[in-house]
Structure formats: structure tokens, C-alpha cells
Amino acid sequence: MAAKKPEQVLVEQWRDMLALHARTQCELDRALHQHGLCASDFEVLDVLAEARAVDGTCSYRVQEISERVHLTQSALSRLVARLEKDGLVERGMCPEDRRGVKVALTPKGRSLHGEVLPVQREVLTRMLAGHSAT
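Attention in this report is confined to the structure presented alongside it. (Residues numbered from 1 in each chain as written. Predicted model: local features only at pLDDT ≥ 70, side-chain atom pairs only at ≥ 80, totals over all residues. Heavy atoms only, no water.)

### Comments concerning the pattern of salt bridges
Point 1. Inspection of the entire model under this criterion finds seven salt bridges.
Point 2. Between Glu27 and Arg126 there is a salt bridge, with the nearest N and O atoms lying 3.3 Å from each other. Placement of Glu27 in helix 1 (residues 6-33) and of Arg126 in helix 5 (residues 107-128) is noted, with a sequence separation of 99 residues between them.
Point 3. For Glu27, a relative accessible area of 17% corresponds to the buried category.
Point 4. A salt bridge links Arg121 to Asp46; the shortest N-O distance between them is 3.3 Å. Note that Arg121 is positioned in helix 5 and Asp46 in helix 2 (residues 39-50), a separation of 75 residues in sequence.
Point 5. Arg121 sits in the partly exposed class, given a relative accessible area of 33%.
Point 6. Salt bridges here are not isolated pairs; linked through shared partners, they connect Glu27, Arg30, Glu122 and Arg126. (Salt bridge = Lys/Arg side-chain N within 4 Å of Asp/Glu carboxyl O. Helix = DSSP H or I, 4+ residues; strand = E, 2+ residues; numbered from the N terminus. Buried < 20%, exposed > 50% of the residue type's maximum accessible area, 1.4 Å probe, protein only.)

### Overview of the nonpolar core
Point 1. Within the largest apolar cluster, 27 residues are counted, with the highest numbers of intra-cluster contacts made by Val44, Leu48, Ile65 and Val89.
Point 2. It is helix 2 that contributes the most residues to this core, six residues altogether.
Point 3. Dropping the residues within four chain positions of it, Ile65 is found in contact with Val44, Leu48, Tyr60, Leu76 and Val103. (Core = buried A, V, L, I, M, F, W, Y, C linked by side-chain atoms within 4.5 Å. Contact = heavy atoms within 4.5 Å.)

### Describing the side chain of His113
Point 1. Positionally, His113 belongs in helix 5.
Point 2. At 2.6 Å, the side chain of His113 forms a polar contact with the side chain of Asp46.
Point 3. Beyond its immediate stretch of four places on either side in the chain, His113 contacts Phe42, Leu45, Asp46 and Ala49. (Polar contact = N/O pair within 3.5 Å; in protein donor to acceptor, adjacent residues only side chain to side chain.)

### Focus: the packing of helix 1 against helix 2
Point 1. The geometry of helix 1 relative to helix 2 is characterised by a closest axis approach of 8 Å and an angle of 80° between their N-to-C directions. One finds that helix 1 runs roughly perpendicular with respect to helix 2. For the pair formed by helix 1 and helix 2, the contact residues are Gln25, Leu28, Asp29 and Leu32 on the first element and Ala39, Ser40 and Phe42 on the second.
Point 2. The class makeup of the residues in the contact of helix 1 with helix 2 is four nonpolar, two polar and one charged. (Axes fitted to C-alpha atoms, helices over the stretch in contact; angles between N-to-C directions. Parallel < 35°, antiparallel > 145°, perpendicular 65-115°, else oblique. Nonpolar A, V, L, I, M, F, W, Y, C, P; charged D, E, K, R; others polar.)

### Some points on the side chain of Thr106
Point 1. Position of Thr106 among the secondary structure elements: in the loop between strand 3 (101-105) and helix 5.
Point 2. Excluding anything up to four places from it in sequence, Thr106 contacts Gly87, Leu88, Val89 and Glu90.

### Re the sheet that holds strand 3
Point 1. Strand order in the open sheet formed by three strands is 1-3-2, with antiparallel pairing between adjacent strands. The strands lining the two open edges of the sheet, one partner per strand, are strand 1 (59-61) and strand 2 (89-93). Direction aside, the axes of adjacent strands within the sheet are offset by 30° on average.
Point 2. Across three bridges, the pairing between strand 1 and strand 3 is antiparallel. Bridging from a neighbouring strand, Ser59 pairs with Ala104 of strand 3. (Pairing = 2+ DSSP bridges.)

### Observations regarding helix 1
Point 1. Its 28 residues place the ends of helix 1 40 Å apart at the C-alpha level, agreeing with the 40 Å of an ideal helix rising 1.5 Å per residue.
Point 2. Every buried residue belonging to helix 1 is among Leu20, Thr24, Glu27, Leu28, Ala31 and Leu32, and all of these are buried.
Point 3. Turning to helix 1, the residues buried within the fold contact helix 2 and helix 5. (Expected span 1.5 Å × (residues − 1).)

Pasting the structure below:
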């Protein structure tokens, strides 16, 4: 059997990564659906739960969130609006830049994040075990 060309190996690695991502995303959506969330919802809650500004506030500008999650600005805006409607986040004006919008977890959002965090981490552990980046 002929050896694979380096380019062919790269393409196969890329496709394997895409397949792993798709399988993991589907599994996350399935597990989180029981809690009224999808994987993208959880990612935003998770980013906000990790937020701790120098002044002690726990919020991010929408632009900062979009840099951490892989969503377009418009998709993220719709997602944040839905999370706000569900009482999980709140939006407010950015004091430093009145055109900016800050997003923060509400107590309900923080509670749900804490409840769902082990579910999400279990799925990641199960799906990504043995698939570490090289």
C-alpha cells in the first residue's frame, strides 16, 4: 500500500476534527436540552460565570463574549436576547462607553449554570477522552 501524502494526512486530520466537533456538539445539545439550553447557550453562561472584572463586577461586553464563543455578532445578540427573556442574563449600558452593552448572569442564570456545569463537563470528558490535541 502506498504511503499517504502529507497533504492527504492533513485533510484527514481536519475531517476527523470536524467529525469529533459535530458529534460532541450534538451530544452536548442532547444533554443540555433537558435543562432548556443548547450548547451555545451554555457557552455564553460559562463565559459569564468565569467573568470577574478588576472592579469586582461579573460582566462582559457583547464584543468580548463574541471573541470567546464561536458565534457571529448577530447570532450572539439573538442568543443573549433569548437568555435575557428567560431571566438568565441581564444587559446594561457600559459605563465606560455608552454605546457598548454589558451582559451579566442573573442569580437564576448563575444557579442554572452551576446545576448544568457537571453535565457539560461529563459530556466533554466522555467525548474527548483520548482525543487530545497533538
